[in-house]
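# Architecture and fold: a report
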Amino acid sequence: MQTVLVVVAALVIVLLIWTQVVVARAVSRHPPSGIFVPVTGGRIHLRDIGPRDASPERTIVLLHGASCNLLALTAPLAGLLSRSFRVIAIDRPGHGHSDRPGGRADASVTRQACVISEAMVAAGVPRAVVIGHSWSGALATTLAMDHPERVAGLVLLGPVSHPWPGGILWYYHVGSWPVIGRIFAHLLPVPGAAMTMQSGVDSVFAPQKAPADYVEATALHLMLRPASFTANAEDVAGLLAHVTERTGRYSTITIPTLIVAGDADSVVATSIHTAQLVQELPDVEAHVLPGVGHVPHHVATDFVVGKIEALARRLESRG
């Protein structure tokens, strides 16, 4: 028994050191790339790119999905969009370099919408076209419902919006538990990522091929920090309950909405989420791209940017 305890203790020490080394390297390689704005109880990290005098119709807020940070959207979109838009890319609470001012309470999509609304005002952006990918499909639509004064138009990319069968992966459940989850976050995500991070990226891009430098270019290792891993797990674990509660309420979003999704998306089922949003949203333009997976903004960037431009022109014509 004593030998077993020694082996377990040694393994724990090795895992803790491994985590500390990987996390320290990630933080060193990927420092904050933008500015911090104050919100109640903390601060939010964001990048502000493009003309500062842009109108609300020509101002975009980018909201990234789960298991990533603002670079997941700025990498493909910000350069092109910033030619004619002011682009505000936000690290959601607890992700990237943003604080999680409400702690565990910030797993609530409703709560995150409040924080994003506050961050927009602090950044001098009272109203904008809001783009949400994946998990942030729920966040963007909640922002439009709960803080309509902030949202001039919506763009949803492979969005989550409705209840789905099958639940979530086991490690999100474990990572979201109050005590065990904290222990888990300090010991297992780093070795797990060493084995599965690239395959996870490949599944997000499938059936297309992921860029060879995607992990480094989007600073994915930042999510292996224990606090970030826990925040992400809490976010994912609470998502189903939120979209279940919101189902049937999307008809209250009357602003123009653009949806772009792929019919080969194996992460968020387009046949469930996009299909039902099309039925519920009063003013929606949807494009389901054949043979495209979960990241249409990466594999059909020009198409997505063109549709965003068209949406902006339509909003401008409305006055």
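For clarity, every value in this text was computed on a predicted model and none was experimentally measured.

### Description of the overall build of the protein
The number of helices and strands found in the protein is twelve helices and eight strands. Since a compact globule built from 319 residues should have a radius of gyration of about 20 Å, the 19 Å found for the protein is in line with a globular shape. Taking the principal axes of the C-alpha coordinates as reference, the protein spans close to 75 × 40 × 35 Å. Counting contacts in the protein only where the partners sit at least 6 residues apart, residues at least 24 apart contribute 79% of the total. Only carbon and sulfur atoms are counted for the fraction: they give 62% of the accessible area of the protein, which is about 13300 Å². Between the centroid of the 23 positive side chains of the protein and the centroid of its 23 negative side chains there is a distance of 4 Å.

### Details of the packing of helix H1 (residues 2-29) against helix H7 (residues 189-205)
Look at H1 against H7: their axes get within 8 Å of each other, and the N-to-C directions meet at 70°. With respect to each other, H1 and H7 are oriented roughly perpendicular. Residues Leu15, Trp18, Thr19 and Val22 of H1 lie in contact with H7, whose contacting residues are Val190, Pro191 and Ala194. Here the contact of H1 with H7 is composed, by residue class, of six nonpolar, one polar and no charged.

### Overview of the packing of aromatic side chains
Enumeration according to the criterion identifies five aromatic pairs in this entry. Centre to centre, the rings of Phe184 and Phe229 are 5.8 Å apart; their planes meet at 35°, and the pair counts as tilted. Of this pair, Phe184 sits in helix H6 (residues 180-187) while Phe229 sits in helix H9 (residues 226-246), placing them 45 residues apart in sequence. The same class applies to Phe184 and to Phe229, which are both buried. Taken together, the ring pairs in this structure connect Trp170, Tyr171, Tyr172, Phe184 and Phe229 into an aromatic cluster. Between Arg43 and the ring centre of Phe36, over which it is positioned, the NZ or CZ distance is 3.7 Å. Over the face of the ring belonging to Phe85 we find Arg58, whose NZ or CZ atom lies 4.7 Å from the ring centre.

About the thresholds
- Residues numbered from 1 in each chain as written.
- Predicted model: local features only at pLDDT ≥ 70, side-chain atom pairs only at ≥ 80, totals over all residues.
- Heavy atoms only, no water.
- Helix = DSSP H or I, 4+ residues; strand = E, 2+ residues; numbered from the N terminus.
- Rg over C-alpha atoms; globule rule 2.2 N^0.38 Å.
- Contact = heavy atoms within 4.5 Å.
- Areas by Shrake-Rupley, 256 points an atom, 1.4 Å probe, with all protein chains shown as cover.
- Lys, Arg positive; Asp, Glu negative; His and termini not counted.
- Charge placed at Lys NZ, Arg CZ, Asp CG, Glu CD.
- Axes fitted to C-alpha atoms, helices over the stretch in contact; angles between N-to-C directions.
- Parallel < 35°, antiparallel > 145°, perpendicular 65-115°, else oblique.
- Nonpolar A, V, L, I, M, F, W, Y, C, P; charged D, E, K, R; others polar.
- Phe/Tyr/Trp six-rings, centres within 6.5 Å; stacked < 30°, edge-to-face > 60°.
- Buried < 20%, exposed > 50% of the residue type's maximum accessible area, 1.4 Å probe, protein only.
- Lys NZ or Arg CZ within 6 Å of the ring centre and 35° of its normal.

Remember that the coordinates give geometry; whether it matters functionally is a separate question.
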